[in-house]
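Per-entry structural report
So the chains spell out like this:
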Amino acid sequence: MSSEDGIKKLLDAERTAQKIVADARQDRVQKLKKAVEEAEKEIKEFRDKKDKEYKEYESKYLGASSETASQLASNANKEIDTIRNATAANKQKVVDLLIKYAITCDN
């Protein structure tokens, strides 16, 4: 009977070892899941923080950019009007000079 007792003890020890290994695997899986969840939470918090900072930066500087662009367009339109007015005012003088030089012939 001692060999049967030895075999039973070995089988019991093997079952116990298998249970310990299975429990350890299950604990490892749970720890990995928990670590992944925590990492995803940290990533989400970081992303939200950076998105907020970007939106603040964007509103601060790009809002000013649109104002600057409209101001530049306004200044450009004013300069174009000034040039058109000067052209209209001096058009006849230029035509007269061209005719004068075209008619005058130096030998």
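These lines cover the structure that appears in this document, whether it is placed above or below. Note that the coordinates shown come from a computational prediction; the quantities given were computed from them, not determined experimentally.

Conventions we followed
The written sequence of each chain sets the order in which its residues are numbered from 1. Local features in this predicted model are restricted to residues of pLDDT 70 or higher, and side-chain atom pairs are both shown and tallied only at a pLDDT of 80 or more, whereas totals for entire chains, interfaces and linings draw on every residue. Side-chain metrics in this entry use all non-hydrogen atoms of the structure; hydrogen atoms and water are not considered. What counts as a helix is a DSSP run of H or I of at least four residues, what counts as a strand is a run of E of at least two, and both are numbered from the N terminus. Here the radius of gyration uses the C-alpha set of atoms, whereas the globule reference equals 2.2 Å times the residue count to the power 0.38. Each residue's exposure class comes from its accessible area (1.4 Å probe, protein chains only) as a fraction of the maximum for that residue type: buried when under 20%, exposed when over 50%, partly exposed otherwise. A 1.4 Å probe and the Shrake-Rupley method give the accessible areas. Residues count as covered only by the protein chains that appear here. Charge counting treats Lys and Arg as positive and Asp and Glu as negative, with His and both chain ends excluded. Every charge is mapped to an atom, namely NZ of Lys, CZ of Arg, CG of Asp or CD of Glu. The term salt bridge refers to a pairing of a side-chain nitrogen on Lys or Arg with a carboxyl oxygen on Asp or Glu at a separation within 4 Å. To count toward a patch, a residue needs a relative accessible area over 30% and no salt bridge; like charges are then connected within 9 Å, while nonpolar side chains (Val, Leu, Ile, Met, Phe, Trp, Tyr) are connected within 5 Å.

Check the secondary structure of the protein chain and you find one helix and zero strands. Against the 2.2 N^0.38 benchmark of 13 Å for 107 residues, the protein chain shows a C-alpha radius of gyration of 44 Å, more extended than a compact globule. Oriented by its inertia axes, the alpha-carbon framework of the protein chain measures out at about 145 × 35 × 15 Å. Within the protein chain, the fraction of its 107 residues that count as buried is 0%. As presented, the protein chain carries roughly 10,400 Å² of accessible surface, and 57% of it is formed by carbon and sulfur atoms. Computing the positive centroid from 22 side-chain charges and the negative centroid from 21, the protein chain places the two 1 Å apart.

On to the pattern of salt bridges. Counted by the stated rule, this structure contains four salt bridges. Between Asp23 and Lys19 there is a salt bridge whose closest N-O contact spans 3.2 Å. Of this pair, Asp23 and Lys19 both sit in helix α1 (residues 2-103), four residues apart, roughly one helical turn. Accessibility expressed as a relative area gives 37% for Asp23, which makes it partly exposed.

Together, Glu37, Glu38, Glu40, Glu42 and Glu45 make up a negatively charged patch on the protein surface. Residue position: Glu38 is located in helix α1. A relative accessible area of 43% means that Glu38 is categorised as partly exposed.

The subject of this paragraph is a nonpolar patch on the surface. On the surface, a nonpolar cluster with roughly 470 Å² of combined accessible area is contributed by Tyr54, Tyr57, Tyr61 and Leu62. When you line up the elements, Tyr54 lands in helix α1.

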